[in-house]
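Residue-level structural notes
Spelled out, the chains give:
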Amino acid sequence: MRKFPFSAQILLGLVLGAALGFLAREGDLSWLAGTLDTVGGLFVQLLKLAVPPLVFTAIVVSVVSLRGVANAARLALRTLLWFGVTALIAVSLGIGIGLLTNPGRGVSLDVGGATAPKTTGSWTDFLTGIVPTNPVGAFVEGNVLQIVFLALVVGAAALLVGAAAEPFVELNRAVLAIVQKALWWVIRLAPIGTLGLIGHAVAAYGWDLLAPLAKFTTAVYVGCAVVLFVVYPLLLVTAGRLNPLRFFAGAWPAIELAFVSRSSVGTMPVTQRSVERLGVPREYASFAVPFGATTKMDGCAAIYPALAAIFVAQVFGVDLGVGDYLLIAFVSVVGSAATAGLTGAIVMLTLTLSTLGLPLAGAGLLLAIDPILDMIRTATNVAGQAVVPTIVAAREGILDRDAYANAGRRDLTDADGTDADGTDADGTADRPAHRDDLTPAPA
């Protein structure tokens, strides 16, 4: 298996999982469906286990590492600007597809039995929830937004303190290396996790359940696919003067893992390694990727809430005007951080619905198929998290274009970061400094 490409392993798991899921559903094999659910659930649970220490230490180290990057403030601002630009494009596309397809018209659903999700979002919750009342509680509860806030403050303080804070920074680097090494072992199990996750999805969601929402599901997948395979390639060509095929060759393992795991943060080590192999400097990638993994969500926070808001409005017979569509765009661009660390895109959807004055119960209509939608949404999120730093690095003249051209020749299957034959893409022996390393290099 070490010589079997990582992407091929995941593809094999997907095919076998779909076949076993179909067998479990058609043969009414509850034991097989339960086994697939358990296997997939354990894989996701292992990914989530590493999230709090991974996010905190990665952001602390990345903030401190910015002191070794020329024009660090400029890079950070450019990154945020491109996050906003791509989010605006994605939400505009979502609104456009919603107006073209009218996903909620003619849908026969029992709206009387719909209830609002237990977890909802609001601007007040976002503003008051960003600062934890108890720093330990943020880690225990897995509140990623609060962990990000704490990490940014601690990282900035360590940066200003300087040499006196170096032991603390080194401790964070060591913890980050340990967590990412352990997480890489989990990622190596992705083919098995894929088998369980896809198998359970096929066994649980048959056509009878998907049929009433087929138009909406198709609209979400089409919208995300257009962003993935049209918008991002156009931005790479026009803004970065880069070959999109080379980008997908390098970033595909992260996109693929995101699709099956439905976790941007859990995929973060693979995303960061992919971005670095595309030629983005480690010091910059170690800032942009962790920050994007918690706030950059073109699928969950742009395309999906736009389409879902139109769907809910049409199902409940509410007419939306131009002002409402502008409000959807504003919420998507500004409010995406409110979804950080929360399951799926339900919180972002309820935030959008409440801002528009639409029934929150409408979100309950989509809960049944949310895992199916979350696969393509998360893949789109992660692709955007890799596209932005690549474009910014290219525009700032810090992208290693030779590494970008050869990124697709390298595989991510080996935990030690080497190809199956122990060499880099150029055929030379791997540099020792890069072996067993998923962490940002010290500044």
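Calculation criteria
Residues numbered from 1 in each chain as written. Predicted model: local features only at pLDDT ≥ 70, side-chain atom pairs only at ≥ 80, totals over all residues. Heavy atoms only, no water. Salt bridge = Lys/Arg side-chain N within 4 Å of Asp/Glu carboxyl O. Helix = DSSP H or I, 4+ residues; strand = E, 2+ residues; numbered from the N terminus. Buried < 20%, exposed > 50% of the residue type's maximum accessible area, 1.4 Å probe, protein only. Contact = heavy atoms within 4.5 Å. pLDDT = per-residue confidence, 0-100. Axes fitted to C-alpha atoms, helices over the stretch in contact; angles between N-to-C directions. Parallel < 35°, antiparallel > 145°, perpendicular 65-115°, else oblique. Left-handed = near helix turned anticlockwise from the far one by under 90°. Nonpolar A, V, L, I, M, F, W, Y, C, P; charged D, E, K, R; others polar.

**Overview of the pattern of salt bridges**
Here the structure, examined in full by the defined rule, presents nine salt bridges. Put simply, E170 and R173 hold a salt bridge, and the shortest N to O gap is 2.7 Å. Taken as a pair, E170 and R173 lie in helix 8 (residues 166–188) at a separation of three residues, close to a single helical turn. The exposure class assigned to R173 is buried, which follows from its relative accessible area of 9%. Where salt bridges share partners, they join R262, D370, D374 and R377 into one cluster.

**Focus: helix 13 (residues 268–277)**
With 10 of 10 residues buried, helix 13 lies mostly within the body of the structure. Each element contacted by the buried residues of helix 13 is listed here: helix 3 (51–65), helix 8, helix 12 (244–261), helix 14 (282–295), helix 19 (370–395) and helix 20 (401–406). Phi for G279, located one or two positions after helix 13, is positive at around 105°.

**Some remarks on the confidence of the model for the protein**
Here the protein averages 80 in pLDDT, while 81% of its residues score no lower than 70. Taken together, the stretch residues 413–443 has pLDDT below 50 and engages in 77 contacts with residues farther than four places along the chain or on a different chain.

**Structural notes on the packing of helix 2 (residues 30–49) against helix 9 (residues 190–204)**
Interhelical geometry of helix 2 versus helix 9 gives an angle of 130° and a closest axis separation of 7 Å. Between helix 2 and helix 9, the angle is such that the two are oblique. In the packing of helix 2 onto helix 9, the handedness of the crossing is left-handed. Contacts between helix 2 and helix 9 involve A33, L36, D37, V39, G40, F43 and V44 from the first element and A190, I192, G193, L195, G196, L197, G199, H200 and A203 from the second. A per-class count over the contact of helix 2 with helix 9 returns 10 nonpolar, five polar and one charged.

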